[in-house]
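Chain by chain, the residues run as shown.
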Amino acid sequence: MPQSFNIYFENLQVNQESSNLDNPILSNEDTSVSFITTINEPGDFYEFSFDVINAGTMDAALDEIIKSGLTSTQEEYLDYTARYYGERDINVDDILHAGYKERVVVRVEYKYNIDNVPSLGNISFSFGLNYIKRDLQKDYGEETWSIDYTGSEHTFTVPKTGIYKLETWGAQGGSVKY
């Protein structure tokens, strides 16, 4: 069966407690989200979530987290975070196993405790996750184990989760008498 690689976002939802309910837009590539919103004062936020789906037959590794579009002034006054549902951090090299999905929450929040609150205007930015095919040989290396013939069965416990190729050789049997 041929291997397939298929990562995409779906089930995009805006948090109903956000300062406004502008709808973000999935890109044509389905692995980035663009949005325009207005956040007027400290404590206001805009938050949305989506599922990252691995519909392929291969595990995927997160290669890059893309957060772009904020001006330097907006970066100074806004917290821009992305986490897995349940407050787990998203990190480069995270693995998304074949057939699995993860819920991601993106939040942009006007920081608290700010004097002389500036007007930030419309905030237009995008968020993306770039996945690559997982390189199992890089992760686990390639090892060979040899087990000498002893005339009885052997038990071997694999040291790591992974894909293994087993080559077994048996002795040629003797004669059969009826």
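Because the structure is predicted, anything quoted here is derived from the model rather than measured.

> Give a description of the overall build of the chain that names residues and reports values.
A tally of helices and strands in the chain yields two helices and ten strands. By the burial criterion, 32% of the 178 residues in the chain qualify as buried. Considering only contacts within the chain whose residues lie at least 6 apart along the sequence, 76% involve residues at least 24 apart. Total accessible area on the chain stands at roughly 12,400 Å², and carbon and sulfur atoms take up 45% of it.

> A description of the sheet that holds strand S5 (residues 60-68) should follow, citing residues and the corresponding values.
Read across the open sheet, the five strands follow the order S2-S3-S10-S5-S8; overall the sheet is antiparallel. Each end of this open sheet is capped by a strand with a single partner; those strands are strand S2 (25-26) and strand S8 (95-96). Here seven bridges tie strand S3 (residues 32-38) to strand S10 (residues 122-133), and the two strands are oriented antiparallel to one another. Across the sheet, residue Val33 finds its bridge partner in S10, namely Phe127.

> Please provide a residue-by-residue account of the pairing of S10, values included.
As paired strands, S5 and S10 are joined by eight bridges and run antiparallel to one another. Across the sheet, the residue bridging to Lys67 is Phe127, located in S10.

> Residue-level account of a nonpolar patch on the surface, with values.
Judged by side-chain polarity, Ile147, Phe156, Val158, Tyr164 and Leu166 come together as a nonpolar surface patch covering roughly 490 Å² of accessible area. When you line up the elements, Leu166 lands in the segment after helix H2 (136-140).

> Give me the sheet that holds strand S6 (residues 78-84): which residues, what numbers.
Here we have five strands laid out as an open sheet, ordered S1-S4-S9-S6-S7, and antiparallel in their pairing. For this open sheet the edge positions go to strand S1 (7-14) and strand S7 (88-89), each flanked by a neighbour on one side alone. Of the strand pairs in this sheet, S6 and strand S9 (residues 101-110) are connected by seven bridges, and their pairing is antiparallel. Bridged to Asp79 within S9 is Glu109.

About the thresholds
- Residues numbered from 1 in each chain as written.
- Predicted model: local features only at pLDDT ≥ 70, side-chain atom pairs only at ≥ 80, totals over all residues.
- Heavy atoms only, no water.
- Helix = DSSP H or I, 4+ residues; strand = E, 2+ residues; numbered from the N terminus.
- Buried < 20%, exposed > 50% of the residue type's maximum accessible area, 1.4 Å probe, protein only.
- Contact = heavy atoms within 4.5 Å.
- Areas by Shrake-Rupley, 256 points an atom, 1.4 Å probe, with all protein chains shown as cover.
- Pairing = 2+ DSSP bridges.
- Patch = residues over 30% accessible without salt bridge, like charges linked within 9 Å, V, L, I, M, F, W, Y side chains within 5 Å.
- Salt bridge = Lys/Arg side-chain N within 4 Å of Asp/Glu carboxyl O.

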